[in-house]
Amino acid sequence: MYFSVLLYPCILGMLSLVHAIPVHPDSLKNLVKLQADTIILRIKDHNEKLKLSPKLLIGDPELYPEVPANKPIQGLGSIVETLSTFHKVLQRLPKGHVSQIRNDLFTLLGYLKDRMTSMRCTLKEPANERSLDAFLENNATHHITFGFLALDRLKQFMQKLIVNLDHLKSC
Amino acid sequence: MHFTYLHLDYFFHHLTLQHNPRVPGLAALSPSDGRGGIYEDLKWKALLCCELPFAQTLDDGLSEHPPVGQCQLLNATKPESSRNCLDILCWLEGEQTNLICNAKSHRAAAAASLFAVRPQLVVQMNVLSDEANHAAQCAGEDTAMCSISLHGNDATVSLNISISLNGSTALSPKMQVSTHHLRRPEPPVNLHYNVTTEGEVIFRWSDAQPNSDAINFEIRYASNSSLQQWEVVKVKGRSWVSLNELSSGIRYMVQVRCQSHINYWSEWSQPFYFTLGVSYIPAEIFTTPGSEVTIYAVFHNRSWSASKAVWMLNGQVKIPESQYRVINEQVSAVTVTVDEPGFDTLMCCHQWGERFKCIIAYAKIYTEGMFNADFTCQSKNSEVDTMSCEWNKSAWAQVRLLYRQYTSMCETISEMEGSEEAEENMECPSGAGDHRECTLRNLSLFSCYKIWLEVEGGRGKVRSFPVYVAPIDYVKPSPPSVLEATTLPNKILSVSWSRPRLPVYDMQYELRFVALREMANTQWKVIGPLLEPQAEIQLKESCIQFKVEVRCRRLNGSGYWSDWSMSYTSVVYNSKAPEMGPDFWRVIEEHPVRSVTNVTLIIKQPVLAGDPYSCVEGLVIEHRASGRAVWSNETTLAQFHSFQWRKEAHTVTVMSRNALGISTQNRNMTLSHQPKRRCVRSFSAVANSSCVYLSWSLLSDHPVPQSFVIEWLDLKKDPEQDVSLTERLQWVRVQSASRDLSLCRRFYGSEEFTLYPVFVDGEGEPVRYTATRGDPAAYILLLIIAFLSVVLFVTLLMSQNQMRKLMWKDVPNPNKCSWAKGMDFRQINTIENLFPHSEGLTACPLLLVSESICEVEIIEKTHPVTLEHEQDNEVPIYKSGNKTATDSALLADSSEPLSLEASTAAATPETSGQSSVTYSTVLRSDQPSLLRKQQESLSSSSDEGNFSANNSEISGSFPGGLWDLENHVCSDSANPRHSSSYNSVEEFSETSDQDYEASESTGVAKDLYYLEVNEEEEEEDEEEIEETQSEQENNEIVMKVDARPLLEGKKSTAVDSSVSHSIPLYLPQFRTECINPP
């Protein structure tokens, strides 16, 4: 009886310890890279299926600043902030083909948020949220071009993320 | 002590709430129109003063009819301290849902200072609301405060106050408070903007309350990044304003507020964010098929010009510019006609080089009617019946899939159409979106379903044609299961399976199978349709395992094939264990680094068709080391098996096995490092075209081996292509009694054969022999070369003879020419000297150089060549200016022929009229020499001109035709110029004079080997020529040396080579014409 009394706290302690063990950085890097590559591939497929004329240039980089374009990667915090914005943007797109990309992005965001928690990084609140909401409100009705622009910028960010995986080690 | 008890009783009798009783005139009220009070700072204020009768003491008691006083509302700014006055203040509190009124006596404020003993005032307030029957009553001494709930609505509140003092009472006049004036106006709502077709941006808004009295408005805007710098625009009397100073691409925040008639400003409205880019007018349009639609696009970007607008249909097709219209610098319009029902989009972009800059926005066109969605459905009958439908649609449209279930058959639905409108439509669970498929669950397979699409946002007017689907017709069943297959000894593959339980209709099946050992290049053999869940397949061989799969579909009616079932590997039926183990050989490889010896067994596949009742399913390899250690491995029917050998005596036995046991007659191999005994005396190999014959003999005093093994490497398999030694090694076992072996297969001739005598206790010393054999291909090549050489030699001989005949046939005897009589020709030995272009004559030297065919003698004349010389029967020679040379001297130098033409080409007008005559003698060795006279007219401008002009026409097709001109020239002896012969090079050069000049340095003139001298056109008959010659003996002699047969084979190449400076097509001729002496 005394044995079991002692055993349970030990087991619970071990479990909590296991839960607290952070994902090894290299494993996280692999996961992030795989997920980012998957997202890039899906975006390419999605945008190719639209069969838009290759002559079209939808949205200069300086236009629509609410959707991050060429945003620098300065650590986990900036990555999570940017991905959160993208996730919010994708949520405004209609259900269907983008749903899977949204799920992939959500998974990736989950990895990184867990990593931030284990590293005790401070989670930033997305800036200009009100402005983003208004932007989504005004533009979501044009879901094809809006999605094309957002996914293209997300693809660029994913490509940048893949070559900056070392930033996952810092907040 | 006189104690005065002052009882002041304020009594609010009827404070009435009237919900929204405002009259239209109320809007004109001034702040002081508060029925006795004033509205100020969101409060209602009033001063109430009352005249009360003399007060009685408390000791006297209250009479039954207390005296009544009078109250008056005064200007709040001038209170009268002599009276009993009250300050009344009302305001809204909380979420502006409660009205608070406070009455406070002036006495209460002054009591502390004026009286040592504070007088008592009793205040009572009643607040009543007659609509909601709300009443609030409150009382107090000196001050009283009442609150009444307004339930969020504006109301006019009636206020009555009664004051009691020492039994005297005074009633206030009726007071009204409008709660509407106690609050700020609501800010305007629904702020938005429109763009006109002229490009004007107009902001509009609405009042928050329908009866708002707001007149004045202010609208402010700022860019999102600089919210401190507001631009404010005042608007009066209207709820819209045009803002034309906005820039494109900037995110603005805009707000509006309003002012009430009592000058209260509302709060700023909710911010409205916007970015101007391209606006479409209208942004959405409904049309009918075939109707024209005009859409305007406004470029808010001032750097974009409407003249550079590009309209795109559905982001894919550029609309022709003929359909555009420029409204002004910023506005473009397009007119399109959409023929098909459905959904389309229009984007107006700006030309930017080869590309088009666009923004997110686009115009939407809904064309009424029904479009074809091209549905494809597939159902599944399982625990939960499902049906998945796919469709095609515009990528730009968001759609909803709607369906409706009918309990009748699809064929009868059209009759019922229209009667079931009341029934509810159901929607795909995934809802609206850009889906292209939907899975419906919990269906009834035997019902009929009507399925169609609706374009989201299309107000339900744009739909697809509906399809009526009975899911039972589109079932894709589950694949069959419980598959069993057996390879029987009678060469039959017996297969059975279980059909899926659902759907219950009759099924047909397809079966496919492939031998397991052929899986690398899987070629399935398909059998079907089968009506029973079993099949027997006749095989060519027994003992073979197969991989088998089955699928099914509905027997009668439509439906889909199921997926192929899981693969099943057939079982080979055996009635007994195999009798014999396989034969095998070994490859020993010593690892140089790890000092490990690897042994790979090469196992011959057991004969599968040997005994169908004892098929071999695998191998057992038994190892027996010197220390009596025994172990074994079980493998499949592998061709190779490797193990490490520790260089001790090691015996390997390979046994065949199946489910019933292992073979009993097996072959052993003993590996040993003992010195190997030598027993082979000789070993040789003889190879012929396809076989190698091997023979050997043994030493007489040695024991006879158990068997022999002959091994060699297959040279066909390239070791560079990662083919291992074990795969390249070929071997054959020979019985011990044999002493020779004939191997017939593809050999390369350089194989090294090794003969291993195999004893019971190990191998004897091997003997090697390399079977060298000439490459048959090389032999064949040599034979071909030899044959070709013979053919060439014979051809050359024949050609030479032919040449001789032609030459001597065509060349007349120059001695017969009148001009040649008495002439002294010096002979030259070879024709090579005559034709000094041996480098250019690749074919001729073989024929001509070897034999002295003719001799040419050139007589030098020191005088300039003139026509008079010819006329004087002098022998002119070729001359360039004053310089003369013998032909032999010229020809001896390979460059001299060039000088011949060079002088010709250099014939300038200054030299025009000069001529040169060359005499030559062509000799036959067996005949007296024939004289040849050649007279050339060099640089005759008229002649050159004629020929340079004519050459292009004549050359190639009819070279002999040139002589037509000269024939009658020859007869026309009176014209000495015409009697001159033409420079041979010029006559046959394809090039113009300029070309000729360019080419002369590259050796065109070396190609002088075609000799032709024509007398008449008829050349074929030698006798005729001779007759003609005799007839014209005194007049003219034409000598012809025709080597044309030699050239004909080169004609085709010579055409091209005229450019590349090889042998030209037309070859110069030496010709001699007689010149009649005057």
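Residues numbered from 1 in each chain as written. Chains lettered and ligands numbered in written order. Predicted model: local features only at pLDDT ≥ 70, side-chain atom pairs only at ≥ 80, totals over all residues. Heavy atoms only, no water.

Quick notes on the overall build of chain B
Regarding its fold elements, chain B presents 17 helices and 68 strands. Within chain B, counting contacts between residues at least 6 apart in sequence, those at least 24 apart form 67% of the total. Total accessible area on chain B is roughly 52,800 Å²; 49% of this is exposed by carbon and sulfur atoms. (Helix = DSSP H or I, 4+ residues; strand = E, 2+ residues; numbered from the N terminus. Contact = heavy atoms within 4.5 Å. Areas by Shrake-Rupley, 256 points an atom, 1.4 Å probe, with all protein chains shown as cover.)

Quick word on the packing of helix H3 (residues 76-91) of chain A against helix H5 (residues 129-139) of chain A
All names here are of chain A. Across the interface, H3 lies against H5 with an axial gap of 10 Å and an inter-helix angle of 25 degrees. Viewed along their axes, H3 and H5 adopt a mutual orientation that is roughly parallel. The way H3 lies across H5 gives a crossing that is right-handed. Every residue of H5 that contacts H3 at Thr85, Lys88 and Val89 is listed here: Glu129, Leu132, Asp133 and Leu136. (Axes fitted to C-alpha atoms, helices over the stretch in contact; angles between N-to-C directions. Parallel < 35°, antiparallel > 145°, perpendicular 65-115°, else oblique. Left-handed = near helix turned anticlockwise from the far one by under 90°.)

A look at the sheet that holds strand E49 (residues 596-603) of chain B
The pairing of strands in a sheet happens through backbone hydrogen bonds and is either parallel or antiparallel. Residue and element names in this part refer to chain B. Taken together, the 3 strands give an open sheet; going across it, the order is E48-E49-E52, and neighbouring strands pair in antiparallel fashion. The sheet is open, and its two borders are formed by strand E48 (584-591) and strand E52 (640-645), each paired with just one other strand. Strand-to-strand twist across the sheet, computed as the mean angle between neighbouring axes with direction ignored, equals 25 degrees. Pairing of E49 with E52 involves 6 bridges; the strand directions are antiparallel. The residue bridging Ile602 from the neighbouring strand is Phe640, located in E52. (Pairing = 2+ DSSP bridges.)

Some details on the packing of aromatic side chains
The description of an aromatic ring pair rests on the distance of the ring centres and on the angle between the ring planes. Residue and element names in this part refer to chain B. Using the criterion set out here, one finds 28 aromatic pairs over all chains in the structure. Ring geometry for Trp712 against Phe753: centres 5.5 Å apart, planes inclined by 45 degrees, an arrangement best described as tilted. In this pair, Trp712 is assigned in strand E58 (residues 707-713) and Phe753 in strand E61 (residues 752-759), connecting sequence segments 41 residues apart. Since its relative accessible area comes to 0%, Phe753 is described here as buried. Here a set of aromatic residues connected by ring pairs shows up, and it is made of Tyr193, Phe203, Tyr221, Tyr252, Phe272 and Phe274. Positioned above the aromatic ring of Trp265, the side-chain terminus of Arg257 is 4.5 Å from the ring centre. Note that Arg677 overlies the ring of Phe759, its terminal NZ or CZ placed 4.3 Å from the centroid. (Phe/Tyr/Trp six-rings, centres within 6.5 Å; stacked < 30°, edge-to-face > 60°. Buried < 20%, exposed > 50% of the residue type's maximum accessible area, 1.4 Å probe, protein only. Lys NZ or Arg CZ within 6 Å of the ring centre and 35° of its normal.)

Describing the state of the cysteines
Taken as a whole, this structure holds 9 disulfides over all chains when the rule is applied. Covalent S-S linkage joins Cys121(A) and Cys171(A), the inter-sulfur distance amounting to 1.8 Å. Disulfide Cys121(A)-Cys171(A): torsion about the S-S bond near -75 degrees, hence left-handed. With a gap of 50 residues between them, Cys121(A) in the loop between helix H4 (97-118) and H5 and Cys171(A) in the segment after helix H6 (143-162) connect regions that are remote in the sequence. When its relative accessible area of 45% is taken as the criterion, Cys171(A) is described as partly exposed. Cys90(B) shares a disulfide with Cys101(B); S-S distance 2.0 Å. Disulfide Cys90(B)-Cys101(B): torsion about the S-S bond near 115 degrees, hence right-handed. One end of the pair, Cys90(B), is in strand E6 (residues 84-93); the other, Cys101(B), is in strand E7 (residues 98-105), with 11 residues separating them in the sequence. Grouping residues by exposure puts Cys90(B) and Cys101(B) together as buried. With no disulfide of its own, Cys348(B) lies 6.7 Å from the sulfur of Cys349(B), the closest cysteine sulfur. (Disulfide = S-S within 2.5 Å.)

Structural notes on the interface of chain A and chain B
Contacts between the two partners involve 32 residues from chain A, matched on the other side by 34 residues from chain B. Overall, the association of chain A and chain B removes approximately 2,900 Å² of surface from exposure, summing both partners, and the carbon and sulfur fraction of that is 56%. Summed over the shared surface of chain A and chain B, the number is 2 salt bridges. In this structure, Arg251(B) engages Glu66(A) in a salt bridge whose closest nitrogen and oxygen atoms are separated by 2.3 Å. At the surface where chain A touches chain B, the tally comes to 17 residue pairs in polar contact (both at pLDDT 80 or more). Mapped by element, the contributors of at least two residues to the side of chain A that touches chain B are strand E1 (56-58), H5 and H6 of chain A. A per-element tally of the side of chain A that touches chain B places H5(A) first, with 6 residues. Sheet topology note: the E1(A)/strand E29 (residues 355-358) of chain B ladder contains 3 bridges and is parallel. Looking at the pairing, Ile58(A) lines up with Cys358(B) of E29(B). (Buried area = accessible area lost by both parts, 1.4 Å probe. Salt bridge = Lys/Arg side-chain N within 4 Å of Asp/Glu carboxyl O. Polar contact = N/O pair within 3.5 Å; in protein donor to acceptor, adjacent residues only side chain to side chain.)

Let's talk about the sheet that holds strand E44 (residues 534-538) of chain B
All names here are of chain B. Spatially, E44-E41-E40-E47 is the arrangement adopted by the 4 strands of the open sheet, whose pairing is mixed. Because the sheet does not close on itself, it has two edges, and the strands there are E44 and strand E47 (571-572). Looking at chain direction, strand E41 (residues 492-498) and E44 are connected through 5 bridges and run antiparallel. Its bridge partner lying in E44, Ser494 is registered against Glu536.

Notes on H4(A)
A turn of α-helix holds 3.6 residues, and therefore any two residues three or four places apart point the same way. All names here are of chain A. The terminal C-alpha atoms of H4 lie 33 Å apart, and with 22 residues this matches the ideal 32 Å at 1.5 Å per residue to within 8%. Along H4, the positions that sit buried rather than exposed are Val98, Ser99, Ile101, Arg102, Asp104, Leu105, Leu108, Leu109, Leu112, Arg115 and Met116. Two residues or fewer after H4 comes Arg120, characterised by a positive phi angle close to 60 degrees. (Expected span 1.5 Å × (residues − 1).)

Digging into the pattern of salt bridges
A side chain of one charge can pair with a side chain of the opposite charge when the charged atoms of the two come close. In the structure shown here, the tally under the stated rule is 28 salt bridges over all chains. Note that Arg42(A) and Asp104(A) form a salt bridge whose closest N and O atoms lie 2.6 Å from each other. Taken together, the positions of Arg42(A) in helix H2 (residues 25-49) and Asp104(A) in helix H4 put the pair 62 residues apart, joining distant regions of the chain. What makes Arg42(A) partly exposed here is its relative accessible area of 34%. A residue is classified by how much of its surface remains accessible, and Asp104(A), at 7% relative accessible area, is buried. Across the pair Arg551(B) and Glu510(B) runs a salt bridge whose closest N-O atoms are separated by 2.7 Å. With Arg551(B) in strand E45 (residues 546-554) and Glu510(B) in strand E42 (residues 507-515), the pair connects residues that are 41 residues apart, well separated along the chain. For the residue pair Arg551(B) and Glu510(B), the accessibility class agrees, reading buried in each case.

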